[in-house]
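Structure assessment
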Amino acid sequence: MQFKKSITAISVATMGLGLMSSMASAADKITFVSWGGAYTASQVKACIEPYTAATGQEFNIVDYNGGLAEVKTQVEAGNVQWDIIDQSSADAIRGCDEGLFLELDHSIWEPAPDGTVATEDFVEGVLGDCYVGNISWANVPAFDASKIEGSEKPTTMADFWNVEKFPGRRGLRKVPRVNLEWALMADGVANDDIYSMLATKAGQDRAFAKLDEIKEHVVWWEAGAQPPQMLADGEVVMTSAYNGRLFNAMYKENKPFEIMWGPQVFDIDTYVVVKDSPNQKAALEFLKFCTSAEALADTTNYISYGPLRKSSSAFVNPDILPHLPTAPENFKTALTYDTNFWADNADDLTERFNSWLA
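Summarised in this report is the structure supplied together with it. (Residues numbered from 1 in each chain as written. Predicted model: local features only at pLDDT ≥ 70, side-chain atom pairs only at ≥ 80, totals over all residues. Heavy atoms only, no water.)

So, a negative patch on the surface
On the surface, Asp-97, Glu-103, Asp-129 and Asp-344 cluster together to form a negatively charged patch. Inspection of the secondary structure puts Asp-97 in helix H5 (residues 89-97). (Patch = residues over 30% accessible without salt bridge, like charges linked within 9 Å, V, L, I, M, F, W, Y side chains within 5 Å. Areas by Shrake-Rupley, 256 points an atom, 1.4 Å probe, with all protein chains shown as cover. Salt bridge = Lys/Arg side-chain N within 4 Å of Asp/Glu carboxyl O. Lys, Arg positive; Asp, Glu negative; His and termini not counted. Charge placed at Lys NZ, Arg CZ, Asp CG, Glu CD. Helix = DSSP H or I, 4+ residues; strand = E, 2+ residues; numbered from the N terminus.)

Next up, the structure:
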């Protein structure tokens with residue numbers, strides 16, 4: 001697959017010499033925290049490298065596995081070391097409610113190329129009190145096509161659960177989020193009813209009972225780089241994964257993997273700035289660039305996650321469009337992740353999930 005030349009350097013230039021001169025003297029490195037692997041690499045290529053080249057600003061890049069525990073420890077100890085975090089939308093809301101993140105003024109973001117103000121250019125619902133959305137992505141099940149016997153391939157979560165028809169171990173992320181939704185899908189619950197059912201004890205009991213059916217067949221993963229490697233090593237036949245990590249393995253490393261788009265759970269990632277971070281002003285200046293329409297579009301040259309600004313579409317390589325979660329064929333039966341449900345219920349359901357695992 002051929003990708004177009006990066007347009008991010010052009011985007012830096014359009015921001016003007018004022019930004020460049022204001023940042024060139026920055027002495028302290030911005031600590032940028034993200035999920036590692038192909039995703040962080042895409043952010044480095046589309047945002048960090050061109051920004052450093054234009055302004056002289058340097059970065060510390062830190063990988064993590066999500067959640068709030070580490071940043072909460074820093075804030076409570078009065079020893080904040082992180083500046084910017086790529087956060088799930090649910091954790092961004094929870095962290096904001098807990099006073100961990102800076103409240104953002106969304107009028108500061110760069111306008112669209114045609115002059116449309118950013119607040120009208122971002123997709124609806126991706127600007128929160130403490131976060132600015134950057135990419136759309138999906139949790140998807142996938143399988144190694146070379147390990148599936150016969151002509152019929154798995155397409156649904158019922159197939160994922162069916163270890164008799166499709167023998168082999170399964171990979172799932174070691175968290176309740178999405179696993180509970182998929183358990184209900186596998187049990188025949190319609191997408192429109194999943195979150196209303198999960199809001200009840202009976203629905204939660206039903207989801208955990210369904211997970212019981214495959215528990216002994218599951219290999220649990222925690223870092224996003226693990227699922228493609230687990231498939232490649234033959235440790236599992238099917239696994240949940242982030243669609244962008246699979247894209248990298250399938251189209252850049254030529255692995256015989258296939259994505260089951262039908263049960264995808266669609267979500268967004270966001271940027272937050274840690275409250276009392278040591279380089280808050282510099283962090284915000286960088287985010288003004290990194291959330292521009294061009295920079296968000298440039299990310300798709302390195303990973304198949306969709307930009308969250310409407311005007312970015314003009315800059316996205318047409319070759320990548322069929323591989324985005326929002327492509328019509330991929331999105332027609334998608335479940336949209338309910339950020340508010342998980343912001344309200346994550347603690348209780350995580351406690352129950354961990355007890356269930358023990």
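Text resumes after the structure shown.
Here we look at the state of the cysteines
Covalently bonding the sulfur atom of one cysteine to the sulfur atom of another cysteine gives a disulfide. Per the stated rule, a full pass over the model turns up two disulfides. Here Cys-47 connects covalently by a disulfide to Cys-290, the sulfurs 2.1 Å from one another. Between Cys-47 and Cys-290 the sulfur-sulfur dihedral comes to about 90°; the bridge is accordingly right-handed. Of this pair, Cys-47 sits in helix H3 (residues 37-55) while Cys-290 sits in helix H13 (residues 280-290), placing them 243 residues apart in sequence. The pair formed by Cys-47 and Cys-290 is uniform in burial state, with each residue classed as buried. Across the disulfide from Cys-96 sits Cys-130; the S-S distance is 2.0 Å. For the disulfide bridge between Cys-96 and Cys-130, the dihedral angle about the S-S bond is near 55°, and by the sign convention the bridge is right-handed. (Disulfide = S-S within 2.5 Å. Buried < 20%, exposed > 50% of the residue type's maximum accessible area, 1.4 Å probe, protein only.)

A few points about the nonpolar core
With 40 residues, the main nonpolar core has Val-71, Trp-82, Ile-85, Phe-101, Leu-246 and Tyr-305 as its most contacted residues. It is strand E4 (residues 132-144) that contributes the most residues to this core, five residues altogether. In this view, Trp-82 contacts Thr-31, Val-33, Val-62, Tyr-64, Glu-70, Val-71, Gln-74, Val-274, Ser-277 and Pro-278; residues no more than four positions away in its chain are not counted. By size, the runner-up hydrophobic cluster in this structure holds 36 residues, among which are Leu-211, Met-238, Tyr-337 and Trp-356. (Core = buried A, V, L, I, M, F, W, Y, C linked by side-chain atoms within 4.5 Å. Contact = heavy atoms within 4.5 Å.)

Comments concerning the packing of aromatic side chains
Applying the stated criterion across every chain, the model contains 20 aromatic pairs. With a centroid separation of 5.2 Å and an interplanar angle of 50°, the aromatic rings of Trp-35 and Tyr-64 are classed as tilted. Here Tyr-64 lies in the loop between strand E2 (59-63) and helix H4 (69-76) and Trp-35 lies in the loop between strand E1 (30-34) and H3, a separation of 29 residues in the sequence. Grouping residues by exposure puts Trp-35 and Tyr-64 together as buried. Put simply, the rings of Phe-32, Tyr-51, Phe-59, Tyr-271, Phe-286 and Phe-289 pair up and form one aromatic cluster. Here the guanidinium or amino end of Lys-215 rests over the ring plane of Trp-356, the centre of that ring lying 4.5 Å away. (Phe/Tyr/Trp six-rings, centres within 6.5 Å; stacked < 30°, edge-to-face > 60°. Lys NZ or Arg CZ within 6 Å of the ring centre and 35° of its normal.)

Observations concerning unusual backbone geometry
Glycine aside, residues mostly have negative phi angles, and peptide bonds mostly take the trans form. With phi around 75°, Val-178 is a residue other than glycine that occupies positive phi space. Here Val-178 lies in the loop between strand E5 (170-173) and helix H8 (179-186). The backbone of Asp-276 shows a phi angle near 65°, a positive value even though the residue is not glycine. Examined against the element boundaries, Asp-276 turns out to sit in the loop between strand E9 (265-273) and H13. By relative accessible area, Asp-276 is classed as exposed at 60%.

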